[in-house]
Amino acid sequence: MDTDKKRYYISVSHHLIQDAPYESAEFEVLMTEAEKTKLMDKLEDLNREDEYTFKRAFIPYKSADHDDAPQEFNDKLIDVYAFLHDIGDEKTKRTIEGMKILGKMRHTDYDHEGYEDSPLNK
């Protein structure tokens, strides 16, 4: 079993994992090869959702408020940050907690009148 951890530099916004420091790296973490593979998969999922959400943004008759694409993207983004929080050191955990992104994205408090029966009103 691979338990040797190696230092990596992560940019969620650029969907990158590097083994050398770089300017846009948002996080520095120690990961096993298995954790790196899992994070790579999560970033690939996030990238696919990002591309899909971008394509959906230009459909003029589809309200963005009730399109599932942004919610799917948010779910993938939460998944990435939650994983980094789980495997990260104290600094990474504090940074992610300081962003207040996990709770904020899980509880959007979206409840507008007239949308009660919408299947996408979560």
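In this text, all values refer to a predicted model and were calculated from it rather than measured experimentally.

Thresholds, definitions, all that
Residues numbered from 1 in each chain as written. Predicted model: local features only at pLDDT ≥ 70, side-chain atom pairs only at ≥ 80, totals over all residues. Heavy atoms only, no water. Helix = DSSP H or I, 4+ residues; strand = E, 2+ residues; numbered from the N terminus. Polar contact = N/O pair within 3.5 Å; in protein donor to acceptor, adjacent residues only side chain to side chain. Contact = heavy atoms within 4.5 Å. Salt bridge = Lys/Arg side-chain N within 4 Å of Asp/Glu carboxyl O. Buried < 20%, exposed > 50% of the residue type's maximum accessible area, 1.4 Å probe, protein only. Pairing = 2+ DSSP bridges. Axes fitted to C-alpha atoms, helices over the stretch in contact; angles between N-to-C directions.

Enquirer: Can you help me understand the side chain of Glu35 in this one?
Expert: By the element assignment, Glu35 lies in helix α1 (residues 33-56). Polar side-chain contacts of Glu35 include one of 2.9 Å to the backbone nitrogen of Thr32. Leaving out residues up to four positions away in the same chain, Glu35 has contacts with Lys5, Leu30, Phe83 and Ile87.

Enquirer: What is the right way to look at the pattern of salt bridges in this model?
Expert: For side chains bearing opposite charge, pairing can occur when the charged atoms are close. Tallied over the full model, the rule gives five salt bridges. Linking Glu35 and Lys5 is a salt bridge whose minimum nitrogen-to-oxygen distance equals 3.7 Å. Note that Glu35 is positioned in helix α1 and Lys5 in the segment before β1 (6-11), a separation of 30 residues in sequence. Judged by its relative accessible area of 18%, Glu35 is buried. Judged by its relative accessible area of 47%, Lys5 falls in the partly exposed class. Measuring nitrogen to oxygen at the nearest pair gives 3.5 Å for the salt bridge that ties Asp19 to Lys6.

Enquirer: Teacher, can you tell me more about the sheet that holds β1 here?
Expert: Two modes of strand pairing occur in sheets, parallel and antiparallel, and in both the strands are linked by backbone hydrogen bonds. Read from one edge to the other, the open sheet built from three strands follows the order β2-β1-β3, with strand pairing classed as antiparallel. Lying at the two open borders of the sheet, with one neighbouring strand each, are β2 (16-18) and β3 (27-31). Strand-to-strand twist in this sheet, taken as the mean axis angle between neighbours without regard to direction, amounts to 35 degrees. In the sheet, β1 pairs with β3 via five bridges, with the strands oriented antiparallel.

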